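Remarks on the overall topology
Chain by chain, the residues:
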Amino acid sequence: MMPMHAHSPDLSPERITQGLRIERVGRRVLVLPEVDSTNTYALDRLAADPDADGTVIIAEYQTAGRGRFGRAWQSPRGASLLLTMLLRETGPLRGSRTVMAASVAVAEAVEEATLLAPLIRWPNDIYLRGRKLGGILVETRAMNGNGVAVAAGIGLNCLQQRGHLPPELGETATSLEIESEQPVDRLALARAMILCLDHHFKRRNAVSDDEIAAAWHERCGDRGQRVTLSSLGQSFSGRVIDVNPSAGLLLQLDNGTRREFDLQTITRA
Ligand code: BTN
């Protein structure tokens, strides 16, 4: 197999943050050669520190990376951008807004760094040409009366060639290396990711719900698509009419009715 750092300069906090004009996300950047999971590291090791807000943790390799619904998230050493943004929130938190803003930020960052335009597959998968390029896992932890720590973990396949992608994913996954004509630059991606995350998360309501919804809609590959999902143990099929940061997902169900689903309570089949 090809070495994974073929065209990418090494990631280091200094290189990543050099000259970046950010307010919150990326105030502190850690690059770890190996960790169990960047989300676990953020929540277990950093979240209690009052100064940890805005810290970005990047790992070259995870021994216990995880995806949604407890699935494993695996990536060869140095192949992906594995990144967690840690926030300490004191005000009320709406999960769907966080997930949507993070998805938009990831799609924007990929576009900025590669000129490829990924789509968001509701609620938080990043797709390129019909295949999964990355995913986002948002986890929260209550801080004993001191608000909530939010870990938004992002896994973006960068340098993988076909043989590096887990075989069980078959043709459903892809990487920037597979899709891009240009050399893939993880450093440029990390910098763009931090800038875009900072834009969306630097201040409460700095980016309005309407703006997030508009950006999400622009990039959503699902509107008008048929989906099947399960919510609270029941299965529903229908066509996606709208997604709204406060209301969740609006489906035109096959039985003729319309129904809203909170993004936090559903799994997509
Ligand atoms: C999904 O598609 O199910 C979400 C995948 C999220 C993976 C990232 S990799 C960085 C961070 N650390 C983890 O353990 N998971 C997230």
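Structure: see above.
Description of the structure in this document. (Residues numbered from 1 in each chain as written. Predicted model: local features only at pLDDT ≥ 70, side-chain atom pairs only at ≥ 80, totals over all residues. Heavy atoms only, no water.)

**Regarding the pattern of salt bridges**
A pair can form between side chains of opposite charge whenever their charged atoms are brought close. What the rule picks out here adds up to 15 salt bridges. The salt bridge involving Arg28 is made with Asp49; its shortest N-O contact spans 3.4 Å. One end of the pair, Arg28, is in strand β1 (residues 28–32); the other, Asp49, is in the loop between α2 (38–46) and β2 (55–59), with 21 residues separating them in the sequence. The exposure class assigned to Arg28 is partly exposed, which follows from its relative accessible area of 30%. (Salt bridge = Lys/Arg side-chain N within 4 Å of Asp/Glu carboxyl O. Helix = DSSP H or I, 4+ residues; strand = E, 2+ residues; numbered from the N terminus. Buried < 20%, exposed > 50% of the residue type's maximum accessible area, 1.4 Å probe, protein only.)

**Some remarks on α2**
Counting along an α-helix, one turn takes 3.6 residues, and residues three or four places apart therefore face a common direction. The buried fraction of α2 amounts to seven of the nine residues, a majority that puts the element mostly inside the structure. When we look at burial in α2, the residues that qualify are Thr38, Asn39, Thr40, Tyr41, Ala42, Leu43 and Leu46. Residues of α2 that are buried make contact with β1, β2, β3 (80–89), β6 (131–142) and β7 (148–157). The distance from a side-chain oxygen at the start of α2 to the backbone nitrogen of Asn39 is 3.2 Å, and the residue carrying that oxygen is Ser37. (Contact = heavy atoms within 4.5 Å. Polar contact = N/O pair within 3.5 Å; in protein donor to acceptor, adjacent residues only side chain to side chain.)

**Quick notes on the site of the ligand**
Close to the ligand lie 20 residues, the nearest being Ser37, Gln62, Arg66, Arg68 and Lys132. One nitrogen or oxygen atom from the side chain of Gln62 is found 2.9 Å from a nitrogen atom belonging to the ligand. Between the ligand and the protein, one listed contact pairs a nitrogen atom with a backbone N or O atom of Arg66 at 2.7 Å. Secondary-structure elements contributing two or more residues to the shell around the ligand are α2, β3, β6 and β7. By residue number, the principal contributor to the shell around the ligand is β6, which donates four residues. Within the shell around the ligand, the residues separate by chemical class into six nonpolar, ten polar and four charged. (Near = heavy atom within 4 Å. Nonpolar A, V, L, I, M, F, W, Y, C, P; charged D, E, K, R; others polar.)

**Let's talk about the sheet that holds strand β5 (residues 125–128)**
Two strands in a sheet stick together by hydrogen bonds in their backbones, pointing the same way (parallel) or opposite ways (antiparallel). Spatial strand order, β1-β2-β3-β7-β6-β5-β4: seven strands in an open sheet with mixed pairing. Single-partner strands in this sheet number two, and they are β1 and β4 (119–121). Neighbour-to-neighbour, the strand axes of the sheet open up by a mean angle of 20°, direction not taken into account. In this structure, β5 lies alongside β6, joined through four bridges in antiparallel fashion. By the bridge assignment for β6, Leu128 is matched with Arg131. Against the sheet, helix α5 (residues 186–201) makes contact with β1, β2, β3 and β7, and its axis sits at roughly 25° relative to β3, the strand it touches most. (Pairing = 2+ DSSP bridges. Axes fitted to C-alpha atoms, helices over the stretch in contact; angles between N-to-C directions.)

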